[in-house]
Amino acid sequence: MKHVLYFVILASGALSIHAVAQDASIFAKGEKSPNDHHVGTVYLRELNAADSIFTYSIAVATFESGSCLYWHSHPGGQILMITAGIGYYQEKGKPKQTVRKGDVIKCLPGVEHWHGATPQSGFTYIATSPAQKGKTIWMQRVTDQEYGSR
């Protein structure tokens with residue numbers, strides 16, 4: 001997400017206004033992820049790999065509009081902290097939710113769900129998961145009907 005910083009210069013009696021784009025992201029976007037378990041373009045950046053002391057992983061995921069993950073679950077659960085944009089989150093058997101910057105989603109252990117950007121907006125979150133409980137279990141692609149209009 002870009003913010004624009006405006007500043008005014010007064011020189012020789014002439015007033016001019018300048019705009020400079022400022023990147024509002026806390027962390028860099030990361031590497032483009034191969035489309036193994038998602039539709040569209042997703043960037044991932046690992047912030048903390050789990051180890052024997054800190055047994056949880058932390059990553060930033062950035063989705064371009066229209067992108068979403070396949071249905072999946074986490075054996076140890078997952079917490080998503082939405083940092084930019086507007087996205088979707090849906091658990092199996094429940095209605096799709098719209099989530100926004102500042103929302104926190106707790107994905108319970110073993111619950112099938114998916115998340116991604118809306119058709120009109122990109123979407124970024126910081127995710128944390130307890131790695132010692134097992135890796136993400138990937139399932140089927142989210143259908144166009146489940147996602148809505150792409």
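The structure under discussion appears in the preceding block.
What comes next concerns the included structure. This one's a predicted model, so the numbers in the text were calculated from it and none came from an experiment. (Residues numbered from 1 in each chain as written. Predicted model: local features only at pLDDT ≥ 70, side-chain atom pairs only at ≥ 80, totals over all residues. Heavy atoms only, no water.)

### Some points on the packing of aromatic side chains
Okay, step 1: All told, the structure shown has 7 aromatic pairs when counted by the stated rule.
Okay, step 2: With centroids separated by 5.7 Å and ring planes inclined at 55 degrees, the aromatic side chains of Phe63 and Phe123 adopt a geometry described as tilted. You can see Phe63 sitting in strand 6 (residues 56-63) and its partner Phe123 sitting in strand 13 (residues 123-130), a full 60 residues away along the chain. The pair Phe63 / Phe123 is uniform in exposure class, with both members buried.
Okay, step 3: The interplanar angle of 75 degrees and the centroid separation of 6.2 Å between the aromatic rings of Tyr88 and Trp114 together place this pair among those described as edge-to-face. A residue pair is termed long-range when its members are at least 10 positions apart, and Tyr88 in strand 9 (residues 78-91) and Trp114 in strand 12 (residues 113-117) qualify at 26 residues. Accessibility assignment for this pair places Tyr88 and Trp114 in one class, buried.
Okay, step 4: A connected cluster of aromatic rings, assembled from ring pairs, spans Phe63, Phe123 and Tyr125.
Okay, step 5: Taking NZ or CZ as reference, Lys29 lies 4.2 Å from the ring centre of Tyr43, over its face.
Okay, step 6: Sitting above the plane of the Tyr88 ring, Lys96 keeps its charged end 4.1 Å from the centroid. (Phe/Tyr/Trp six-rings, centres within 6.5 Å; stacked < 30°, edge-to-face > 60°. Helix = DSSP H or I, 4+ residues; strand = E, 2+ residues; numbered from the N terminus. Buried < 20%, exposed > 50% of the residue type's maximum accessible area, 1.4 Å probe, protein only. Lys NZ or Arg CZ within 6 Å of the ring centre and 35° of its normal.)

### With respect to the pattern of salt bridges
Okay, step 1: Under the defined criterion, the tally for this structure stands at 1 salt bridge.
Okay, step 2: Here Glu91 ties to Lys94 by a salt bridge, and the two come within 3.2 Å at their closest N and O atoms.
Okay, step 3: Note on Glu91: relative accessible area 11%, which makes it buried. (Salt bridge = Lys/Arg side-chain N within 4 Å of Asp/Glu carboxyl O.)

### Thoughts on the environment of Tyr88
Okay, step 1: The buried category is assigned to Tyr88, whose relative accessible area is 12%.
Okay, step 2: With 27 residues separating them in the primary sequence, Tyr88 and His115 have C-alpha atoms 5.3 Å apart.
Okay, step 3: Setting aside residues no more than four positions away along its own chain, Tyr88 makes contact with Lys96, Gln97, Thr98, Val99, Trp114, His115, Gly116, Ala117, Thr118, Pro119 and Tyr147. (Contact = heavy atoms within 4.5 Å.)

### Here's the deal with the side chain of Thr118
Okay, step 1: By the secondary structure assignment, Thr118 is in the loop between strand 12 and strand 13.
Okay, step 2: A residue is classified by how much of its surface remains accessible, and Thr118, at 6% relative accessible area, is buried.
Okay, step 3: Within the local environment of Thr118, its side chain forms a polar contact with the backbone nitrogen of Ser121, the two atoms lying 3.0 Å apart.
Okay, step 4: Dropping the residues within four chain positions of it, Thr118 is found in contact with Ser65, Gly66, Ile86, Gly87, Tyr88 and Tyr147. (Polar contact = N/O pair within 3.5 Å; in protein donor to acceptor, adjacent residues only side chain to side chain.)

### Here's the deal with the pairing of strand 12
Okay, step 1: With 5 of its 5 residues buried, strand 12 lies for the most part within the structure.
Okay, step 2: Two strands pair when backbone bridges link them, and strand 9 and strand 12 are joined in this way by 5 bridges, in the antiparallel orientation. Bridged to Gln90 within strand 12 is Trp114. (Pairing = 2+ DSSP bridges.)

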